[in-house]
Amino acid sequence: MLLGRGFYISILDGMSKKYNVILIGIDALRADHLGCYGYPRPTSPNIDALANKGLCFENCFSQAPNTAPSFMSIMTSRYPSYHGVIDNIHPKGGTSRMYVLDEGIPTIAQIVKRNGYSTAAFTDGANVWDEMGFGRGFDYYSMNWEFRRLIRPAGGSILTGEILYWLKEHSRDNFFLFFHTYAVHTPWFAPQNFRGLYGEGVDTVMVPPPPITIYSKPKWAEPYLHFLHQVQDAKTLECYVNSYDGALRYVDDFIGKLVEFLDETKLLERTIIIFTSDHGEEFSEHGGLGHHQFYSELLHVPLIIKSPHFQEAQNVPHLVRSIDIFPTILELLGIKIGFPVHGVSLVPSLKKDADLVAAAEAEFLGWAVQAKDAKYICHQQKGSSRELYDLNTDPKETKNIADANPGKAAAMSEMRERELGRPALSLP
Ligand SMILES: [Zn+2]
């Protein structure tokens, strides 16, 4: 579908050597807005360069269309109903309701820490709040409250001194660093220097809203929120996309600076970089804005792995999942997992399609399951209505064929049950 690069056989080199890991999770970044995934706009030269030197997984699907469940699946290699963080934080009667990771389920940060790694996370907080379980295993967990990184008046870089300082301090350790940002998340306001790069955007025609916390959506924010969630005419949608792409260029700038720093400090040659996101973003392809459904624009996420283990760049066309990141990292580090997880290491899939099945689920929204050729969705909010799509003939999921194919629909439903029940999960 994408790049004209050759399909090289990768060579694994010295699994037992100790490597560092930088896991980058760009919140709400859909894969198809990156050049390396076929987007025509120049939104991602630095991310494309990373993909051109590493593994680019063309078909990676996340396990939830919302932040907390999806990132927790990345961190634990379990589906949301198994790790228990089945929804984001929600306001409830002046306080908030929050799901917390089961104490018995280890995170990847805990595993690498037990293996002698220094660990740190630099996040925008909110739905990757440390107390939900995201903080477990991290020596240091930074949260930038209230989307402060989101709306930057001057257009500086999200590569803050804090991150560079930590990397310099730990350059002689083996380290695991997690970076997360809401920079391309709603309300799609790029920093000043990145506004208008792709034409008129919501950020060039509106005054940026003050930060909105996850706990309160004050009166003054209502006109803005109405604008954001109700107006879906073609011109406004174009404005949203233009702003989103500008914000993405800002994230790309960060990736460029980070890689440059790692190169200059010689850290690049012993660091595994994983670039991904928790879910995509919908611009009314299926009637919604933001991320509350199970269609491809929401579950198809980028997955790029640049690692000293792989001597040649490679595009991997097989279906893979966010839950596979955890076992893949551990295999590359030469660390045995020793307990059951839902994901599998992607290293063998570089040579052979493992025929994986990707499920996704979110409390109050429903669930989806997909294999290579078909996708099946159960919408909890639409009276448990079912949708079946033939991905070979209808990759954009426009023609629901569930009623005409009850046998296939039933088979997909069973496929989901098998997938969630595999393997027999027990606590370590
Ligand atoms: Zn998110």
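Up top is the structure these notes are about.
None of the values given here were measured: they were computed from a predicted structure.

Looking now at the sheet that holds strand β13 (residues 358-362). What the four strands build is an open sheet, ordered β13-β14-β15-β16; its pairing is antiparallel. Every other strand in the sheet has two partners, leaving β13 and β16 (385-390) as the edge strands with one partner each. Here the strands of the sheet are splayed against their neighbours by 10° on average, with no regard to which way each runs. Bridge count between strand β14 (residues 366-370) and strand β15 (residues 374-379): five bridges; the pairing is antiparallel. Residue pairing across strands places Gly 366 opposite His 379, the latter belonging to β15.

Below, the discussion takes up helix α8 (residues 234-264). Across its 31 residues, α8 extends 45 Å between first and last C-alpha, which sits within 8% of the 45 Å expected from 1.5 Å per residue. The element α8 is extensively covered by neighbouring structure, given that 23 of its 31 residues are classed as buried. Trailing α8 by a residue or two, Lys 266 shows a phi angle of about 65°, which is positive.

A pair can form between side chains of opposite charge whenever their charged atoms are brought close. A complete count under the given rule lists 16 salt bridges for this structure. Where Arg 30 meets Asp 32, a salt bridge forms, and the shortest distance between an N and an O atom there is 2.7 Å. On the accessibility criterion, Asp 32 (32% relative accessible area) is partly exposed. Two residues, Lys 408 and Asp 373, come together in a salt bridge whose shortest N-O distance is 3.6 Å. With a gap of 35 residues between them, Lys 408 in helix α11 (residues 406-420) and Asp 373 in the loop between β14 and β15 connect regions that are remote in the sequence. Residues joined by salt bridges that share partners form a network here, namely Arg 30, Asp 32 and Glu 285.

Calculation notes
- Here the residue numbers are simple positions, counted from 1 along each chain's written sequence.
- Side-chain atom pairs in this predicted model are given and counted only at pLDDT of 80 or more, local residue features only at pLDDT of at least 70, and totals for whole chains, interfaces and linings cover all residues.
- As a rule here, side-chain values come from all non-hydrogen atoms in the structure, and water together with hydrogens is ignored.
- By definition, two strands form a pair when at least two bridges between them are found by DSSP.
- Under the scheme used here, helices are H or I runs from DSSP no shorter than 4 residues and strands are E runs no shorter than 2 residues, and both carry numbers assigned from the N terminus.
- For helices, the fitted axis covers only the stretch in contact; all axes are lines through C-alpha atoms, and the angles between them, taken along N-to-C directions, range from 0 to 180 degrees.
- The span one expects for a helix is its residue count, reduced by one, times 1.5 Å.
- Categorising residues by exposure relies on relative accessible area from a 1.4 Å probe, with only protein chains included: less than 20% of the type maximum marks a residue as buried, more than 50% marks it as exposed, and the intermediate range marks it as partly exposed.
- A pair is scored as a salt bridge if a Lys or Arg side-chain nitrogen falls within 4 Å of a carboxyl oxygen belonging to Asp or Glu.

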